[in-house]
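In case you want the letters, here they are:
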Amino acid sequence: MDDVKIERLKRLNEDVLEDLIEVYMRGYEGLEEYGGEGRDYARDYIKWCWKKAPDGFFVAKVGDRIVGFIVCDRDWYSRYEGKIVGAIHEFVVDKGWQGKGIGKKLLTKCLEFLGKYNDTIELWVGEKNFGAMRLYEKFGFKKVGKSGIWIRMVRRQSL
Ligand SMILES: CC(C)(COP(=O)(O)OP(=O)(O)OC[C@H]1O[C@@H](n2cnc3c(N)ncnc32)[C@H](O)[C@@H]1OP(=O)(O)O)[C@@H](O)C(=O)NCCC(=O)NCCS
């Protein structure tokens, strides 16, 4: 997939927000337990992500079309780690574009970005979301805990 570009999102207007909501809703089809709270939730959550981590909000584009995104926060206080860590708040690829290497490209960009600031990166993944877990493990994340239906994964590196 050479024609996929990973870019930092420069602004979040209504059109872009609608596109991101569509990607989110379609991306989580079949995994509703972990991301299927509905469009209103998706809208609020994406806006929250943008406010919290505007410099780490990356989108995957094919031409002008957004087909996936990842939100990388370099300033997240983890009460589990007891310090500021990097956090991945959201990571999703549109259903029809999954399994083509786009997730790997987004995650690579995210780790490159967070790696400049954080020695520890944290994320939460649904306990039965085995595809995503396998991908995170390939990128050096380890399962370190659980809370309800969520598994906490962490990647550590020396800066
Ligand atoms: C997780 C997600 C972002 C990965 O994006 P993607 O573009 O499909 O991922 P890639 O094509 O780059 O796949 C990379 C690896 O992920 C793993 N993987 C991803 N989805 C998988 C699935 N459904 N089943 C099995 N393996 C999967 C594979 O190990 C694959 O490695 P391989 O190509 O060496 O076999 C995407 O599948 C998605 O949006 N899922 C729904 C939302 C979600 O679960 N987000 C994570 C929340 S924590």
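Structural data are supplied above this passage.
Rules behind the numbers
Residues numbered from 1 in each chain as written. Predicted model: local features only at pLDDT ≥ 70, side-chain atom pairs only at ≥ 80, totals over all residues. Helix = DSSP H or I, 4+ residues; strand = E, 2+ residues; numbered from the N terminus. Rg over C-alpha atoms; globule rule 2.2 N^0.38 Å. Buried ≥ 20, exposed ≤ 12 C-beta atoms within 10 Å, placed from the backbone. Contact = placed C-beta atoms within 7 Å. Expected span 1.5 Å × (residues − 1). Arc of directions from axis to C-beta. Pairing = 2+ DSSP bridges. Near = placed C-beta within 6 Å. Nonpolar A, V, L, I, M, F, W, Y, C, P; charged D, E, K, R; others polar. Core = buried A, V, L, I, M, F, W, Y, C linked by C-beta atoms within 7 Å.

Student: Got a sec to walk through the overall build of the protein chain? Specific residues and values, please.
Tutor: For the protein chain, the helix and strand inventory stands at 5 helices and 7 strands. Seen in sequence order, the protein chain has helices and strands lined up from the N terminus as β-α-α-α-β-β-β-α-β-α-β-β. Taking 159 residues into account, the globule formula puts the C-alpha radius of gyration at 15 Å, and the protein chain, at 15 Å, falls close to it. Judged by the C-alpha coordinates and their principal axes, the protein chain covers about 40 × 30 × 30 Å. Counting every position in the protein chain, which comprises 159 residues, the buried fraction comes to 30%. Of the contacts made within the protein chain by residues no fewer than 6 positions apart, 60% connect residues no fewer than 24 positions apart.

Student: Outline helix 1 (residues 14-27), supporting the account with residue identities and numerical values.
Tutor: Taking 1.5 Å per residue as the helical rise, helix 1 with its 14 residues ought to reach 20 Å, and the 20 Å between its terminal C-alpha atoms agrees with that figure. Of all the residues in helix 1, the buried ones are Leu20, Val23, Tyr24 and Gly27. Taken around the axis of helix 1, the buried residues stretch over an arc of 100°, which confines them to a single face. Residues of helix 1 that are exposed and point more than 90 degrees away from the buried face comprise Glu14, Asp15 and Glu18. Contacts from the buried residues of helix 1 go to helix 2 (32-35), helix 3 (39-52), strand 3 (65-78) and strand 4 (83-93).

Student: Please give an account of the pairing of strand 5 (residues 120-126) that cites residues and values.
Tutor: Two strands pair when backbone bridges link them, and strand 4 and strand 5 are joined in this way by 2 bridges, in the parallel orientation. Counted as the bridge partner of glycine 86 is isoleucine 121 from strand 5. Bridging between strand 5 and strand 7 (residues 150-156) involves 7 bridges; their strand directions are antiparallel. The residue bridging leucine 123 from the neighbouring strand is methionine 153, located in strand 7.

Student: Outline helix 3, supporting the account with residue identities and numerical values.
Tutor: Here helix 3 spans 20 Å end to end across 14 residues, near enough to the 20 Å set by a 1.5 Å rise per residue. Among the residues of helix 3, those classed as buried are Ala42, Ile46 and Cys49. One side of helix 3 holds all its buried residues, which, seen down the axis, span an arc of 60°. Away from its buried face, by an angle of more than 90 degrees, helix 3 presents the exposed residues Asp40, Asp44 and Lys51. Where helix 3 is buried, its residues meet helix 1, strand 2 (57-62), strand 3 and strand 4.

Student: Tell me about the site of the ligand, and please be specific about residues and values.
Tutor: Near the ligand lie 20 residues; those nearest to it are Gln98, Gly103, Lys104, Gly131 and Leu135. Those elements that place two or more of their residues in the shell around the ligand are strand 4, helix 4 (102-114) and helix 5 (130-138). Looking at the shell around the ligand, the element that brings in the most residues is helix 5, giving 4 residues. In terms of residue class, the shell around the ligand is built from 9 nonpolar, 8 polar and 3 charged.

Student: Please give an account of the nonpolar core that cites residues and values.
Tutor: Membership of the largest hydrophobic core comes to 37 residues, with the highest contact counts inside it found for Phe69, Ile70, Ile88 and Cys110. Listing elements by their share of this core, those giving two or more residues are helix 1, helix 3, strand 2, strand 3, strand 4, helix 4, strand 5 and strand 7.

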